[in-house]
Amino acid sequence: LRAGGSHTLESFVGEVARDVPDPRSGRPTRDVSRSAYLQSAGTLSDSADIMNRPFPLGPLGSGSDFEPFLERLGAATLNLAYGGAPGRAGAYHSIYDSFDHFTRFLDPGFTYGVAQAGMMATATVRLADAPILPWSFTDAARAFRS
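What counts, and at which threshold
Residues numbered from 1 in each chain as written. Predicted model: local features only at pLDDT ≥ 70, side-chain atom pairs only at ≥ 80, totals over all residues. Heavy atoms only, no water. Salt bridge = Lys/Arg side-chain N within 4 Å of Asp/Glu carboxyl O. Helix = DSSP H or I, 4+ residues; strand = E, 2+ residues; numbered from the N terminus. Phe/Tyr/Trp six-rings, centres within 6.5 Å; stacked < 30°, edge-to-face > 60°. Buried < 20%, exposed > 50% of the residue type's maximum accessible area, 1.4 Å probe, protein only. Polar contact = N/O pair within 3.5 Å; in protein donor to acceptor, adjacent residues only side chain to side chain. Contact = heavy atoms within 4.5 Å. Core = buried A, V, L, I, M, F, W, Y, C linked by side-chain atoms within 4.5 Å.

Next up on the list: the pattern of salt bridges. Taken as a whole and assessed by the stated rule, the structure comprises five salt bridges. Where aspartate 19 meets arginine 126, a salt bridge forms, and the shortest distance between an N and an O atom there is 2.5 Å. With aspartate 19 in helix 1 (residues 10-19) and arginine 126 in helix 6 (residues 111-129), the pair connects residues that are 107 residues apart, well separated along the chain. Across the pair aspartate 139 and arginine 142 runs a salt bridge, and its minimum N-O distance is 3.3 Å. Of this pair, aspartate 139 and arginine 142 both sit in helix 7 (residues 137-145), separated by three residues, roughly a single helical turn.

Per the stated rule, a full pass over the model turns up three aromatic pairs. Between tyrosine 82 and tyrosine 112 the ring centres are 6.4 Å apart and the planes differ by 45°, which places this aromatic pair in the tilted class. Of this pair, tyrosine 82 sits in the loop between strand 2 (78-81) and helix 5 (99-106) while tyrosine 112 sits in helix 6, and the two are 30 residues apart along the sequence. Tyrosine 112 matches tyrosine 82 in its accessibility class, with the two residues each being buried. Judged by centre distance (5.9 Å) and plane angle (40°), the rings of phenylalanine 102 and phenylalanine 110 are tilted. The exposure class assigned to phenylalanine 110 is partly exposed, which follows from its relative accessible area of 36%.

Our focus in this paragraph is the side chain of threonine 77. Its location among the elements puts threonine 77 in the loop between helix 4 (67-72) and strand 2. At 2.8 Å, the side chain of threonine 77 and the backbone oxygen of alanine 75 are in polar contact. Threonine 77 has contacts with Gly4, Gly5, Ser6, Leu9, Leu60, Phe66, Phe69 and Leu70, leaving out every residue within four places of it along the chain.

Ranked by internal contacts, the top residues of the largest apolar core, which has 16 residues, are Leu1, Val13, Phe55, Tyr82 and Met119. Secondary structure elements with two or more residues in this core: helix 1 and helix 6. Valine 13 has contacts with Ala3, Phe55, Leu57, Leu78, Leu80 and Met119, leaving out every residue within four places of it along the chain.

What follows is the structure, encoded as structure tokens:
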């Protein structure tokens, strides 16, 4: 799972990722993602930061559909994407960005597509049914300090 978004959503995404299984291992997605982040940590301080954060959300780039909501309206924004197939780089917006290429090379059994749908459906239902939106401004303050 690669997740980027507003830091007010770190705890929320961590809770959803805890309850959605990783398609490859069957373990909670949160644990698998945390392990991947720990492997790429450069220092002991980086490792401690990863372990102390609810779920590390990366920054959102610019030039995408969410930009007006985040940059102009200040709305909490989230981008969730599953990946796992090697060699994805270069296929987006190319001749290889096709259903055939996707089903043959990127996600043959649609396992990552199912996992992403499960992650998004769980997040959507929890947000829709929440009596109080699950924003954590403590998470945002921690991210802004670092």
